[in-house]
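Listed here are the chains, written in short residue letters.
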Amino acid sequence: MTAALLPAASNFAGSVDALFDALLALSALVVLGVFTAMIWFCIKYRRGSGADRSNRHRRSLGVELTWTLVPFALFVGLFGWSIGLWERMRTPPADAAPVYVVAKQWMWKVQHPGGQREINTLHVPLGQPIRLLMTSQDVIHSFYVPAFRVKQDVLPGQYTQLWFIADKVGTWHLFCAEYCGTDHSRMGGSIVVMKTADYARWLEAHADVSMAQQGAALYRQLGCSGCHGAESSVHAPKLEGLYGRRVPLSDGSWVVADDRYIHDSIMLPRKQIVAGYAPIMPSFEGRIGEDDVLALIAWMKAHPAPGERDP
Amino acid sequence: MTRPESPVPPHGASYLEAGYSLRSWLLTHDHKRIAILYTLSITFFFALGGIAAMLIRLELVTPNGTLMSAETYNKAFTFHGIVMVWFFLIPSIPATLGNFLLPLMIGARDVAFPRLNLFSWYLYMVGGLFTIAMLLLGGVDTGWTFYTPFSTMFSNTHVILAAVGVFVVGFSSIFTGINFIVTVHSMRAPGMTWYRLPLFVWSMYAVALVMVLATPVLAMTLSLIALERLFGVGIFNPALGGDPVLFEHFFWFYSHPAVYIMVLPAMGVVSELITAGVHRRIFGYKFMTWSMLAIAVIGFMVWGHHMFVSGMSTYAGVVFSVLSFIVAVPSAIKVFNWTASLYKGDIEFSAPMLYALGFIGLFLLGGLTGLFLAATALDVSLTQTYFVVAHFHYIMVGGSVMAYLGGIHFWWPKITGRLYHAGIARFAAILMFVGFNVTFFPQYILGYEGMPRRYHDYLPQYQMWNVISSAGAVVLAVSYLLPLAYLLWSLRYGPRAGDNPWQAKGLEWETPSPPPPHNFESVPLVTDGPYAYEE
Amino acid sequence: MSAILPMPAAPPAEEQFDDAAQQREAATFGMWAFLATEVLFFGVLFAGYTVCRVTYPAAFAAASRSTDMLLGTIETAVLLTSSCAVALALRDLQLGGRRVAFWLLLLTAALGVSFLVLHGFEYYAEYQEGLVPSIRYTVVGPRAQHMELFYCLYYFITGFHSLHVTIGVAVLITMAVRTRRGAFSAAYSTPVELTALYWHLVDIVWIFVFPLVYLVGRSG
């Protein structure tokens, strides 16, 4: 029923709509019940009607408990149903293909690992899980695709993620759903879902320097090897194979070198100092953009340590 | 009004006649006069907020900007939110009806701290002045939610001025809350035990608890925003090591209880209107009192449901979701109890009764949609869309504003000593119900179809429902202007009211209309429970 | 006391109250409700501080070490003593005294002023050392930025607390003057009771501020 109002184009849409429809049915039932009772009582017991008004309320505890516990049980049931779906929506499969999104006032910058760049559009293949890794250049935005039933706030200084499997070919609306200033309502775009073969052609046609290669170029341009390179005399952590590895910090704790860790090491290097190293890394905040950081991360992911598998 | 007009009984001057100078009003200690001062002020701010709403609805008739730029639109919805939340809804019932009725209903001569009460009104006015100054200097464009880092680092508008205005009016709230808590504890007449209190008094008590405990959090959060703008503190700024989501936690920790500040008093009023309209006691009195307290307490634990997609952990989402479902249970109990109170009643469909019935219907619709939003998987789609806008307007406008107007109509004879035209009043109540639904029901559909909120431009496919909604808003506006007109008219030309035109139970009806300055000639002795109507 | 003065009657209860007992009960309860709001007010600052402390333990510990523990300890002793003084002042009033109460109230105010003066010395030294963000901040090094967060919170929490101390001092002096003029007696000392309650809150807030800000992680 609700699909008539809004197209269903992702793996989640059916389940989300089923839950919505169930709640709609329950609400309709309750509204019907309460309104009928109210109207019936108002008519029957209006002043001047000869209805019998004796023995109005003798014992009420049973009725009270019933309409306390029955709603409670229903609500818990609905909660349980929703939570199962919620966990699924928040847990991307391991083989989900990453795409990188940087939001800024007032546009969406999309980058595929193969270097394909898009503004306000996202091309995805049909039937394959896609995981968006997103950050904001400035204020809080929110990536919202109504047809997919997905939405996720995009935050400055953090990475958030969103995953889906598009299961219908077509073009679907993308909106920014967190007020972000003057042109918030113009920060829209499209998700273009293509059949696998078409998508492969599109990727090839738009292939550019891959993100990993961009990262490598940045690594050279910015002079990172000056400290991190093998011939450097500066004592700096080696970056090959770093991605995904556990890193000991100077305060005794351990962290996993994930996207956020790499991002902060470049932009906020004083935040976490690796054990045994001096805190001399300069910050690149303001010198490079969030999309450049994503490229560097892609480069690091593509460089396992010699002898190691790709992470 | 079907009651025969009673002649003015021979007794001393009413509180309205105890001094006619401006000074006697601006320096009054009488809770009843303070209530009138508040009524005038909040009506003014309601008008301002309403004008902003009309501008918004006019702009939204067309998909692209026609009436105003995006900047102006953003300022309009921000102003609408700030004024309606902090300068109308939060004070409305407590500061007007609460101030007037609380001492009367418990048999007291005044509230515990009358000078503090007056000071609260002055704080409200100072806060209001800052807000008007903010408007005149160009407004604020952050939304009433002031999310960082936009409000702290990117907005070029008068955020600090707005924050100061809300900070000050927040203290008005806090002091009113302290006054009410102490009044209910310490000043009940002999025999007025807790379980003999009218439900309106219970609602004032519950709302005072929330005001006192939640509002300081808002005050400090706004101070932190001001500090960030002034000194670049960085607690919410990721580039300096801060966290913008921390702001959201602080803000919603207050703002969720705030919505209960807005609805609990309305629930109290409705219980009074229903019992008087049905001429019977309420069904399930104790469940009604405890459900209000439960809403007040559990309401402090659900703030995260405004932040399911904010980047909070999956586990946090689970916790806030279950608590949000649980907080709906006491509200459901109340709706069922109000309905059951109609059973075997002796029902008269006065204007207040129509407002109360309208409240139950609209609160039910709004509350049920809250369940949709409590379900995290659904909230992902619905949050930040017009579905949420519809949900909270159903509760706050269909709920709180209708209850407020119902209360004004019910106690008007007591407050002013005048009767208004019953027929027009009933018509206005029905018009409001219709106008409200035409305005806001389409917004549920728009939200489900994906139209985000705070959008100056929208896709053409959303236009039809937007036009219908805006048309409804015109009807709604008329239905607000009508009572303004006939109520003011009644002040001069309405027949004089007797002590108890509704034949209702309650200590306030045992005083003259309007009451004398000290409410009761002698301290009442209470022997009955509330709503002791003949069975 | 050389002469036994007649016990002054309590002033009549305000007209909204039935009797003096009800007025006193309402006033005290009202003050407790107000103190609850103050707890929540400071609570946000403590919550924010805790969140930042947990996120940047090393930077906050380092910044903590730059606070003056000696002065902080003296200030704690000063406030604790002042709470004792105001409690004793109230007790003296309730037992019918006046002169001792007067001097004890003044002592409490004087101790409050010394607290502010000592804190002023702290602020001055911190200014000299360049530890005031946005005004004079010369900290460099790996943790400078996160230490700046600490200092901002430190000035805001202690500054806000000092504002409360200042208001308390003003009220205490007023109470002392009124005591001297005989406004209070064994039958009526409610305003002093409320002042004492407020002052105890100000003291308790400091009892939390001192360990959280000055002590935790200091030796780490």
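Residue numbers run consecutively from 1 along every chain, following the written order of its sequence. All chains are assigned letters beginning at A, and all ligands numbers beginning at 1, according to the order in which they are written. For this predicted model, a pLDDT threshold of at least 70 governs which residues receive local features, and a threshold of 80 or more governs which side-chain atom pairs are given and counted, while totals over whole chains, interfaces and linings are taken from all residues. In computing side-chain properties, one takes all heavy atoms of the structure into account and sets aside hydrogens as well as water.

Further remarks concern the overall build of chain B. Regarding its fold elements, chain B presents 16 helices and zero strands. Looking at chain B as a whole, 70% of its 535 residues are labelled buried. Long-range contacts, defined as pairs at least 24 residues apart, comprise 83% of the intrachain contacts of chain B with a sequence gap of at least 6. Counting 24 positive and 23 negative side-chain charges, chain B places the centres of these two groups 7 Å from one another. Every helix listed is a DSSP run of H or I at least four residues long, and every strand listed is a run of E at least two residues long, numbered separately from the N terminus. Summary of the burial criterion: residues with accessible area below 20% of their type's maximum are buried, those above 50% are exposed, and those between are partly exposed, where the area comes from a 1.4 Å probe applied to protein chains only. Here, two residues are considered to be in contact whenever any of their heavy atoms come within 4.5 Å of each other. Lys and Arg are tallied as positive, Asp and Glu as negative. Neither His nor the chain termini are counted. To locate a charge, take NZ of a lysine, CZ of an arginine, CG of an aspartate or CD of a glutamate.

Right, let's talk about the sheet that holds strand S7 (residues 150-154) of chain A for a bit. Residues and elements named next belong to chain A. Between any two strands, pairing holds if DSSP finds at least two bridges. Spatially, five strands are ordered S4-S10-S9-S6-S7 in an open sheet, and the strand pairing comes out mixed. Pairing within the sheet leaves two strands with one partner each, and these edge strands are strand S4 (121-125) and S7. Direction aside, neighbouring strands of the sheet carry axes that sit 20° apart on average. To obtain each axis, a line is fitted to C-alpha atoms, and for helices this fit is confined to the stretch in contact; angles are then taken between N-to-C directions over 0 to 180 degrees.

What follows covers the packing of helix H14 (residues 386-416) of chain B against helix H15 (residues 422-448) of chain B. Residues and elements named next belong to chain B. One can describe the packing of H14 onto H15 by two numbers: an axis separation of 7 Å at closest approach and a directional angle of 170°. Looking at the two axes, H14 sits roughly antiparallel to H15. Residues belonging to the contact of H14 with H15 are distributed by class as follows: 18 nonpolar, seven polar and no charged. Should an angle lie under 35 degrees it is considered roughly parallel, over 145 roughly antiparallel, and from 65 to 115 roughly perpendicular; all remaining angles are considered oblique. Each residue is assigned to one class: nonpolar for Ala, Val, Leu, Ile, Met, Phe, Trp, Tyr, Cys and Pro, charged for Asp, Glu, Lys and Arg, and polar for all the others, Gly among them.

What follows deals with the interface of chain B and chain A. Where interface size is quoted, it is often the accessible area lost as the parts come together. Facing 91 residues of chain B, the contacting portion of chain A comprises 78 residues. Note on terms: buried area is the combined drop in 1.4 Å-probe accessible area of two parts once they are placed together, counting the loss on both. Summing the contributions of chain B and of chain A, the shared interface buries around 7,500 Å²; its carbon and sulfur component is 68%. Summed over the three residues of chain B that lose the most area to chain A, namely Phe283, Lys344 and Tyr448 of chain B, the buried surface amounts to 11% of that side. The working definition used for a salt bridge is a side-chain nitrogen of Lys or Arg within 4 Å of a carboxyl oxygen of Asp or Glu. Counting across the interface, chain B meets chain A through three salt bridges. Two residues, Asp457 of chain B and Arg186 of chain A, come together in a salt bridge whose shortest N-O distance is 2.7 Å. Under this definition, polar contacts are N or O atom pairs within 3.5 Å; protein pairs additionally need one hydrogen-donor-capable and one acceptor-capable atom, and for neighbouring residues in sequence, both atoms have to be side-chain atoms. Our count for the chain B to chain A interface comes out at 32 residue pairs in polar contact (both at pLDDT 80 or more). Those elements that place two or more of their residues in the side of chain B that touches chain A are helix H3 (70-89), helix H6 (150-154), helix H9 (244-278), helix H11 (314-341), helix H12 (351-374), helix H13 (376-382) and H15 of chain B.

Residues and elements named next belong to chain B. Helix length check: helix H5 (residues 114-136), at 23 residues, gives a terminal C-alpha distance of 33 Å against a target of 33 Å (1.5 Å per residue), a fit within 8%. Listed as buried for H5 are Pro114, Asn117, Leu118, Ser120, Trp121, Leu123, Tyr124, Gly127, Gly128, Thr131 and Met134. Contact partners of the buried residues in H5: helix H1 (22-26), helix H2 (31-59), H3, helix H4 (92-106) and helix H7 (159-186). One or two positions beyond H5, positive phi appears at Gly138, with a value near 125°. For a helix, the expected span equals 1.5 Å multiplied by the residue count minus one.

All right, on to the packing of aromatic side chains then. In this description, an aromatic ring pair is defined by two values, namely the gap between the centres and the angle between the planes. Stacked, tilted and edge-to-face are the three classes applied to pairs of Phe, Tyr and Trp rings, where Trp contributes its six-membered ring and a pair requires centres within 6.5 Å; stacked means planes under 30 degrees apart, edge-to-face means over 60, and tilted covers the rest. All told, the structure shown has 86 aromatic pairs over all chains when counted by the stated rule. Taking the centre distance of 5.6 Å and the plane angle of 45° together, the rings of Trp67 of chain A and Phe336 of chain B count as tilted. Linking Trp67 of chain A in helix H2 (residues 61-90) with Phe336 of chain B in helix H11, this pair reaches from one chain into another. A relative accessible area of 18% means that Trp67 of chain A is categorised as buried. The criterion is that NZ of a Lys, or CZ of an Arg, lies within 6 Å of the ring centre and within 35 degrees of the ring normal, and then a charge sits over that ring. Here Arg33 of chain B stacks its cationic end above the ring of Trp25 of chain B, 4.2 Å away from the centre of that ring.

Before going further, it helps to spend a moment on the side chain of His146 of chain C. Relative to the elements of secondary structure, His146 of chain C occurs in helix H5 (residues 144-180). Residue classification places His146 of chain C among the buried positions, given a relative accessible area of 3%. When neighbours within four sequence positions are excluded, His146 of chain C is seen to be in contact with Arg270 and Lys271 of chain A, Leu240 and Gly241 of chain B together with Tyr56, Ala59 and Phe60 of chain C.

All names here are of chain B. Pro149 follows Thr148 through a cis peptide bond whose omega is -10°. By the secondary structure assignment, Pro149 is in the loop between H5 and H6. Residue Pro514 is bonded to the preceding Ser513 through a cis peptide linkage, with omega at -5°. For Pro514, the location among the structural elements is in the segment after helix H16 (463-493).

Before going further, it helps to spend a moment on the interface of chain B and chain C. Taken together, the contact pairs 39 residues of chain B with 32 residues of chain C. With both sides pooled, the region where chain B packs onto chain C buries about 2,900 Å², and carbon together with sulfur makes up 73% of that total. Contact with chain C buries surface across chain B, with Arg109, Ser186 and Met220 of chain B losing the most and accounting together for 19% of the total. For the salt bridge of Glu14 of chain C with Arg115 of chain B, the shortest nitrogen-to-oxygen distance reads 2.8 Å. Taken together, chain B and chain C are joined by seven residue pairs in polar contact (both at pLDDT 80 or more).

We now examine the environment of Leu123 of chain B. Note on placement: Leu123 of chain B falls in helix H5. Considered as a pair, Leu123 of chain B and Phe175 of chain B are 52 residues apart in the sequence and their alpha carbons are 9.7 Å apart.

This part takes up the sheet that holds strand S8 (residues 160-165) of chain A. All names here are of chain A. If you trace the five strands from one edge of the open sheet to the other, you get S3-S2-S1-S5-S8, paired in mixed fashion. On the outer flanks of this sheet lie strand S3 (117-119) and S8, each paired with one strand and no other. Strand-to-strand twist in this sheet, taken as the mean axis angle between neighbours without regard to direction, amounts to 25°. In terms of strand pairing, strand S1 (residues 97-104) meets strand S2 (residues 107-111) through five bridges, oriented antiparallel. The partner of Val101 across the bridge, within S2, is Val110. Against the sheet, helix H7 (residues 290-301) engages S1, S2, S3 and strand S5 (129-136), with an angle of about 160° to S1.

Now for the pairing of S1 of chain A. Residues and elements named next belong to chain A. Of the strand pairs in this sheet, S1 and S5 are connected by seven bridges, and their pairing is parallel. When the sheet's bridge partners are listed, Ala97 is paired in S5 with Ile130. Remark: two residues form the turn of the hairpin made by S1 and S2, two consecutive strands paired antiparallel.

Formed by 337 residues in total, the largest nonpolar core has its most connected members in Phe143 and Phe148 of chain A together with Trp86 of chain B. If we skip the residues at most four places from it in the chain, Trp86 of chain B touches Gly81, Pro91, Trp144, Phe146, Val166, Val169, Leu218, Phe251 and Tyr254 of chain B. To form a nonpolar core, buried Ala, Val, Leu, Ile, Met, Phe, Trp, Tyr and Cys residues must be joined to one another through side-chain atoms within 4.5 Å.

Residue and element names in this part refer to chain B. Position of Met432 relative to the elements: it lies in helix H15. Met432 sits in the buried class, given a relative accessible area of 1%. When the C-alpha atoms of Met432 and Val478 are compared, they prove to be 8.3 Å apart, with 46 residues separating the residues in sequence.

Residue and element names in this part refer to chain A. A full pass over the atoms with the stated rule returns 13 salt bridges over all chains. Linking Asp183 and Arg186 is a salt bridge whose minimum nitrogen-to-oxygen distance equals 2.8 Å. Residue class for Asp183 comes out partly exposed when judged on its relative accessible area of 22%. The exposure class assigned to Arg186 is partly exposed, which follows from its relative accessible area of 45%. Salt-bridge contacts for Asp259 lead to Lys301; the nearest nitrogen and oxygen are separated by 3.7 Å. Here the residue Asp259 occupies a position in helix H6 (residues 259-267), and Lys301 occupies one in helix H7, the gap between them amounting to 42 residues. A single burial state applies to Asp259 and to Lys301, both of which are buried.

This next bit is on the pairing of S4 of chain A. Residue and element names in this part refer to chain A. Across the five residues of S4, four count as buried, placing the element largely inside the fold. With five bridges connecting them, S4 and strand S10 (residues 189-194) associate as parallel partners. Looking at the pairing, His123 lines up with Val192 of S10.

A rise of 1.5 Å per residue sets the reference length of H11 of chain B, with its 28 residues, at 40 Å; its end C-alpha atoms lie 42 Å apart and thus fit the reference within 8%. Taking burial as the measure, the 28 residues of H11 of chain B include 23 buried ones, the bulk of the element.

Attention now moves to the domain arrangement of chain A. Residues and elements named next belong to chain A. In this document the domain limits rely on a domain assignment from an automatic tool or a database. Examined at the domain level, chain A breaks down into domain 1 (97-205) and domain 2 (211-301). Computed from C-alpha atoms alone, the centre-to-centre distance between domain 1 and domain 2 is 26 Å. Each partner contributes to the interface: domain 1 provides 18 residues, whereas domain 2 provides 14 residues. The tally of links from domain 1 across to domain 2 stands at one salt bridge. Close ionic contact of Lys109 with Asp291 constitutes a salt bridge, the shortest N to O distance being 3.1 Å. Viewed at the interface, domain 2 and domain 1 are joined by seven residue pairs in polar contact (both at pLDDT 80 or more). Counting residues per element, the ones that place at least two in the side of domain 1 that touches domain 2 are S1, S2 and S5.

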